[in-house]
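Structure assessment
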Amino acid sequence: MNLSETVDRFAEKMPDHIALVFEDRRISYGELQRSINRMANALTKAEVGKGDCVALLMGNRPEFVIAYFAAMRLGAVAVTLNPVSTVHELSHYFAECKPKAVVCKEDQVSKIQELDRTDFIKVIISTEPVDGAVPLSEVERDFSDKFDCVDMSPDDPAVVIFTAGLLGRALGATLSHGNLESNSIMLRDQCGGTSEEHGLALIPMFHAFGASVNLLNIMAVGGTLYLVERVDFGKLMPWLQDAHVTFSGMVPMAFYGLLYHPACNALDLSSLKIAISGGAPLPMEIYEKFCDRYGIDIFHGYGLTETSPVVSWNNVHVVNKPATVGLPIPNVTFAVHDEDGKAVPVGTEGEVVVQGPNVMLGYWGRKTETQTVIRDGWIYTGDLGSIDSDGYLTLTGLKKDLIITSGFNVYCQEVEEILIRHPQVTDVALRGVPDLMRGQVIEALIVPEKGVRPEEREVIRFGRQYLSRYKCPRKVTFVKEIIRDQQGKAASWK
């Protein structure tokens, strides 16, 4: 097997059927297959082989899809990275996975060139010509569109996605061909999709949710995927209106925008049959107003990067309980355990644990960390929840020191370790402040040096030198003291 063969099935069966739509470009399954093969040949020439890593550094555009499947096709591992990552963040990711090739948008090349010790990189392929990289146009011109797909085991790694993990620091969750296929087959079967499906990739595909629920699900049925690289509702509306989208997985912030942005006032979403919300808790206010406005139900689900990502959802075949995250998907089991690792009674809060074919292989090159979170066949999620008498899961909180903002997980430790470096900061703690649009926004509690107090914007600007913008605080509050518990976590402040 090889997950990239998903494209081949429809390239052979209906080569002229449109696979991807991006701005004014329309790419058929036949064209997509040929571009994937050319990219696979280019990577092979650069000595990329089975088990090697290929870093992808771009948003939702055709080149992402091409590189994603091309890496898999030759047995390599696609490492999908957020293009807003800073040089500081990239230096960690690259040191962990040592990619032999990077496929990126042209504006990322300069960041890669700033990194130290990148002699493991054999080639950089960019979407447009730029010094230090091979332009995609050369790949399309110079390489054969024929390539024999490498046969892979379901347990062979396909994708690495860096997440602060369940341990509070950035680790590469390694998902196999079998992991990802299990999620895409589940969605294909439960959603009953056909080649007439029009999917919308509004959330990023470098994220596990965007890749599995939107990209892989639509490719699994031979549908057409509409790619959105940058969300600008004013420019997006005419294009979206003509797309007649039938399916999309989105984070609550996207539903908020479709509901409240002035450009969406006249939007008709009557073609949308299945809308899945994930990545963060869906506020009931957004759910109720969206359903009322558009006459569409939203199916709330739950997952994490380490589970490929879907664990459960209120699927179309069962009663929708929107305050819950639904029932486990086929072949997946969840439970709620106490501190001793024993199952708790119905309705009792505990830590959510999961087992099934969607659970990752482990953290890339990190055996000890893997064994910390996967124990006795269960992955311990760090999420708190309870299961009702019907088997539906309700999330109640977080055991891990985490803030979820705009669908992205931000681990407090990572941000605090950066802000404490500021010369006028002696202590720091983060907290999540409720926000209807983003779920939570980050507030930094700062203890300044005695007699000195930096400006709020200076602290934020300092953080942005090292961290992606979504990880940085939107608000800074200066306090005299942060009082910590025995584990070192902020318990209170004054």
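Above this text is the structure in question.
First, a word on what this report is: a plain description of the structure on this page. (Residues numbered from 1 in each chain as written. Predicted model: local features only at pLDDT ≥ 70, side-chain atom pairs only at ≥ 80, totals over all residues. Heavy atoms only, no water.)

1. Thoughts on empty space enclosed by the protein
Counting across every chain of the model gives four cavities of 30 Å³ or more. Of the pockets and cavities examined, the largest cavity occupies roughly 80 Å³. As for the largest cavity, its lining consists of C191, G193, E197, N217, I218, V221, F247, K273 and I274. Among the elements that make up the lining of the largest cavity, the one with the highest residue count is helix α8 (residues 208-221) (three residues). (1 Å grid on protein atoms, 1.4 Å probe; cavity = no way out; pocket = protein on both sides within 12 Å on 5 of 7 lines; lining within 4 Å. Points joined across faces, edges and corners; volume = space filled by probe spheres on them. Helix = DSSP H or I, 4+ residues; strand = E, 2+ residues; numbered from the N terminus.)

2. Digging into the packing of aromatic side chains
Tallied over the entire structure, the rule returns eleven aromatic pairs. Between F290 and Y294, the aromatic rings sit 4.8 Å apart at their centres with planes inclined by 50°, giving tilted as the arrangement. Here F290 pairs with Y294, and both are found in helix α11 (residues 284-294), just four residues apart, close to one helical turn. Here the two residues F290 and Y294 agree in accessibility, since each one is buried. Judged by centre distance (6.0 Å) and plane angle (80°), the rings of F299 and W313 are edge-to-face. With a gap of 14 residues between them, F299 in strand β14 (residues 298-303) and W313 in strand β15 (residues 310-313) connect regions that are remote in the sequence. By relative accessible area, F299 is classed as buried at 9%. Three or more aromatic residues joined by ring pairs make a cluster, and in this case those are F64, Y68 and F69. Across the ring face of Y380, the terminal group of R375 is positioned such that the distance to the ring centre comes to 3.8 Å. Here the basic side chain of R421 rests over the ring of Y466, its NZ or CZ set 5.6 Å away from the ring centre. (Phe/Tyr/Trp six-rings, centres within 6.5 Å; stacked < 30°, edge-to-face > 60°. Buried < 20%, exposed > 50% of the residue type's maximum accessible area, 1.4 Å probe, protein only. Lys NZ or Arg CZ within 6 Å of the ring centre and 35° of its normal.)

3. Some points on the sheet that holds strand β7 (residues 134-135)
Here we have eight strands laid out as an open sheet, ordered β7-β6-β5-β3-β4-β8-β9-β19, and mixed in their pairing. Two strands lie at the open edges of the sheet, namely β7 and β19 (362-363), each paired on one side alone. Alignment of strand β5 (residues 101-104) against strand β6 (residues 123-126), held across four bridges, turns out to be parallel. Bridging across to β6, A101 finds its partner in V123. Packed onto the sheet, helix α2 (residues 29-45) meets β3 (53-57), β5 and β6 and runs at close to 155° relative to β6. Contacts from helix α3 (residues 62-73) reach β3, β4 (77-81), β5 and β8 (157-163) within the one sheet, and its direction differs from that of β4 by about 150°. (Pairing = 2+ DSSP bridges. Contact = heavy atoms within 4.5 Å. Axes fitted to C-alpha atoms, helices over the stretch in contact; angles between N-to-C directions.)

4. Thoughts on the environment of A254
Counting through the fold element by element, A254 comes out in helix α10 (residues 252-260). Classification of A254 by relative accessible area gives buried; the value is 9%. For A254 and R293, which are 39 residues apart along the polypeptide, the C-alpha to C-alpha distance reads 15 Å. Sequence-distant contacts of A254, that is, excluding residues within four places in its chain, are made with L202 and F233.

5. What about the side chain of T80?
You can see T80 is positioned in strand β4. A distance of 3.0 Å separates a polar side-chain atom of T80 from the backbone oxygen of F206. Not counting the four nearest positions on each side in its chain, T80 is found in contact with L56, F64, Y68, V159, V160, I161 and F206. (Polar contact = N/O pair within 3.5 Å; in protein donor to acceptor, adjacent residues only side chain to side chain.)

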